[in-house]
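# Tertiary structure, described
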Amino acid sequence: MTATRSPGPALAVVGATGAAGAALLRILSTRADLWSSTRLIASSRSAGRRMAVRGAETEVLALTEDAFDGLGAGDVALFLTPAAVSARWAPVAVARGVAVVDQSAAFREDPDVPLVVPEINGYAARVRPRGIVAGPDCVTAAMMAAVGALHAELTLAELTVSSYQAAGAAGRAGTDVLRRQLAAVAGAELGEQPGDVRRAVGEDTGPFAAPLALNVVPWSGELREGGWSSHELAIRAESRRILGLPALPVSVTCVQVPVVTGHSLTVRARFASAADPARAREVLEAAPGVVLVDDPAAGEFPTPADAAGTDPAWVGRLRGSLDDPRSLEFFVCADNLRRGAALNGAQIAELIARECA
Ligand SMILES: NC(=O)c1ccc[n+]([C@@H]2O[C@H](COP(=O)([O-])OP(=O)(O)OC[C@H]3O[C@@H](n4cnc5c(N)ncnc54)[C@H](OP(=O)(O)O)[C@@H]3O)[C@@H](O)[C@H]2O)c1
């Protein structure tokens, strides 16, 4: 059910019952309330379920044409749904005049859909030829606030990234299979024979290319030309778009790790001229959405366990390259559900809501 309408835009959260949707509802309770009402939408499986929005019990509606009744120009629908669902239903919301923010992969490559990380290119959300704004992949989102701030100061010339991706980026399917696998390996004799983990886990690899429990898997996405994965190429393309650097050399290696929440990345950034680590520290300390935790002598650096449940991108291990005075190396951790999806979407929705204020 929708609360009684008061002045101001309404927000529809499509995919409210998912992993990113649950994170979004927690985030909404901590942010300025710009919304006259909040409508929760999910699949018919969840219709009638009640969830708390800012402490108010709200009934989940099934995603049908009727779910958008009463919404129109000035309102926002934030989609946290699988790409196929966003592709099918975002245009339905747009046809009602509703501005759509979509955090799936459905529209990220569409040149008529701005791809936005609010800290870096929030201005791009104002021009919406299709009525839709997209948020990037959660790995791209994890590093953009830090990389974008350094680029603004030092002018980026090349980006080399390795990801250490949490299972939760694959939604409930990812975390469910990791938990089952961890239970299966917990009591098994492991470590003496090659393939022990595979035998314990069996065929149950879920959305991952190999067993994830007690393992790392250097693959995510579909195979593309030259041995690259679709995910690696997407992060490359998205980084170029968000930074406004269409020819930037970007090389990405995606690795899945047995972490439930919190992506980590090693980043090597080469700049147009010499990059002073001390100046880079100052830039990162002032960068919106970034927290620098970098004191290895005191054992202080970010880990995904610390980043889980938080909003910032945490940066540490900042070093000047040993071989190239123009390059910096650093480590980033961010909550894939929050910074990677829900927070980014909420911030874009708020930018749109404030356009009419
Ligand atoms: N998880 C992350 O870290 C992350 C990060 C960045 C972007 N994303 C993107 O965000 C989106 C959601 O991810 P998630 O991890 O939250 O997935 P999830 O946990 O599987 O949740 C999916 C949500 O979509 C709804 N849904 C599924 N099929 C539907 C249908 N046919 N009609 C209407 N609603 C449907 C589900 O409703 P029911 O509960 O009723 O099934 C649920 O609310 C995906 O596009 C994902 O790629 C996720």
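Residues numbered from 1 in each chain as written. Predicted model: local features only at pLDDT ≥ 70, side-chain atom pairs only at ≥ 80, totals over all residues. Heavy atoms only, no water.

## Brief notes about the overall build of the protein
Here is the rule: Runs of E in the DSSP output that reach at least two residues are strands. Runs of H or I that reach at least four are helices, and both are numbered from the N terminus. Throughout, exposure labels follow a simple rule: accessible area from a 1.4 Å probe, protein chains only, divided by the maximum for the residue type, with under 20% read as buried, over 50% as exposed, and the rest as partly exposed. By definition in these notes, contact holds between two residues if any of their heavy atoms fall within 4.5 Å. Where accessible areas are quoted, they stem from the Shrake-Rupley method and a 1.4 Å probe; at the residue level, only the protein chains shown are allowed to cover. Only four residue types enter the tally: Lys and Arg on the positive side, Asp and Glu on the negative side; His and the chain ends are excluded. Where a charge sits is defined by one atom per residue type, namely NZ (Lys), CZ (Arg), CG (Asp) or CD (Glu).
When you go through the protein residue by residue, the secondary structure sums to 10 helices and 13 strands. Each principal axis of the C-alpha distribution contributes one length, and for the protein these read about 60 × 50 × 45 Å. Residues classed as buried in the protein amount to 52% of the 357 residues present. When contacts within the protein are restricted to residue pairs at least 6 apart in sequence, those whose partners lie at least 24 apart make up 68%. A total accessible area of about 15,400 Å² is found for the protein, and carbon and sulfur atoms account for 53% of it. Positive and negative side-chain charges in the protein, numbering 33 and 39 respectively, have mean positions lying 4 Å apart.

## Structural notes on the site of the ligand
Selection rule: When at least one non-hydrogen atom of a residue lies within 4 Å of a molecule or strand, that residue is treated as near it. The definition of a polar contact used here is a pair of N or O atoms within 3.5 Å, where within protein one atom must be able to donate a hydrogen and the other to accept one, and adjacent residues in sequence count solely through side-chain atom pairs. In the scheme used here, Gly and all other residues not listed as nonpolar or charged are polar, with Ala, Val, Leu, Ile, Met, Phe, Trp, Tyr, Cys and Pro taken as nonpolar and Asp, Glu, Lys and Arg as charged.
Residues in close proximity to the ligand total 26 residues, the closest being Thr17, Ala20, Ser43, Ser46 and Thr81. Contacts to the ligand include alanine 19, whose backbone N or O atom sits 2.9 Å from an oxygen atom. In the environment of the ligand, an oxygen atom lies 2.8 Å from a nitrogen or oxygen atom belonging to the side chain of arginine 45. Relative to its free-state accessible area of 890 Å², the ligand is covered by the protein chains to the extent of 83%. Among the residues making up the shell around the ligand, the classes are represented as 12 nonpolar, 12 polar and 2 charged.

## Overview of the environment of leucine 328
Its place among the elements puts leucine 328 in strand E13 (residues 327-334). The sequence separation of leucine 328 and leucine 150 amounts to 178 residues, and the corresponding C-alpha distance is 9.9 Å. Other than its neighbours up to four places away in sequence, leucine 328 contacts Leu154, Val267, Arg268, Ala269, Phe271, Ala275, Pro277, Ala280, Leu318, Arg319 and Gly320.

## Quick notes on the nonpolar core
Definition in use: Side-chain atoms within 4.5 Å link the members of a nonpolar core, which is a set of buried Ala, Val, Leu, Ile, Met, Phe, Trp, Tyr and Cys residues. These domain limits were set by an automatic method or by a database of domain assignments.
Grouped together as the largest cluster of nonpolar side chains are 61 residues, with contacts concentrated most on Phe68, Phe79, Met143, Leu156, Leu159, Val267 and Phe330. Sort the elements by how many residues they give to this core and helix H4 (residues 138-154) lands first, with 10 residues. Residue assignment places this core across two domains, with domain 1 (10-136 + 341-355) and domain 2 (140-172 + 205-336) each supplying three or more. Setting aside residues up to four positions removed in sequence, methionine 143 forms contacts with Leu159, Val161, Ile235, Ser239, Leu265, Val267 and Val332. Formed by 33 residues, the second largest nonpolar core is a distinct cluster that contains Met51, Ala99, Ala341 and Ala349.

## With respect to the sheet that holds strand E5 (residues 76-79)
Applied cut-off: Being paired, for any two strands, means DSSP has found at least two bridges between them. Each axis is a line fitted through C-alpha atoms, taken for helices only over the stretch in contact, and angles between the N-to-C directions span 0 to 180 degrees.
The strand order across the open sheet formed by 7 strands is E3-E4-E2-E1-E5-E6-E7, and the pairing between neighbours is mixed. With one partner strand each, in any of the chains shown, strand E3 (50-53) and strand E7 (132-134) form the two edges of the open sheet. Across the sheet, the mean angle from the axis of one strand to that of its neighbour is 30°, orientation sign disregarded. Here E3 runs beside strand E4 (residues 56-62); their pairing, made up of 4 bridges, is antiparallel. If you follow arginine 50 over to E4, its bridge partner there is glutamate 59. With respect to the sheet, helix H2 (residues 83-95) is in contact with E5, strand E6 (99-102) and E7, its orientation differing from that of E5 by roughly 175°. Running at roughly 160° to E6, helix H10 (residues 338-355) makes contact with strand E1 (10-14), E5, E6 and E7 of the sheet.

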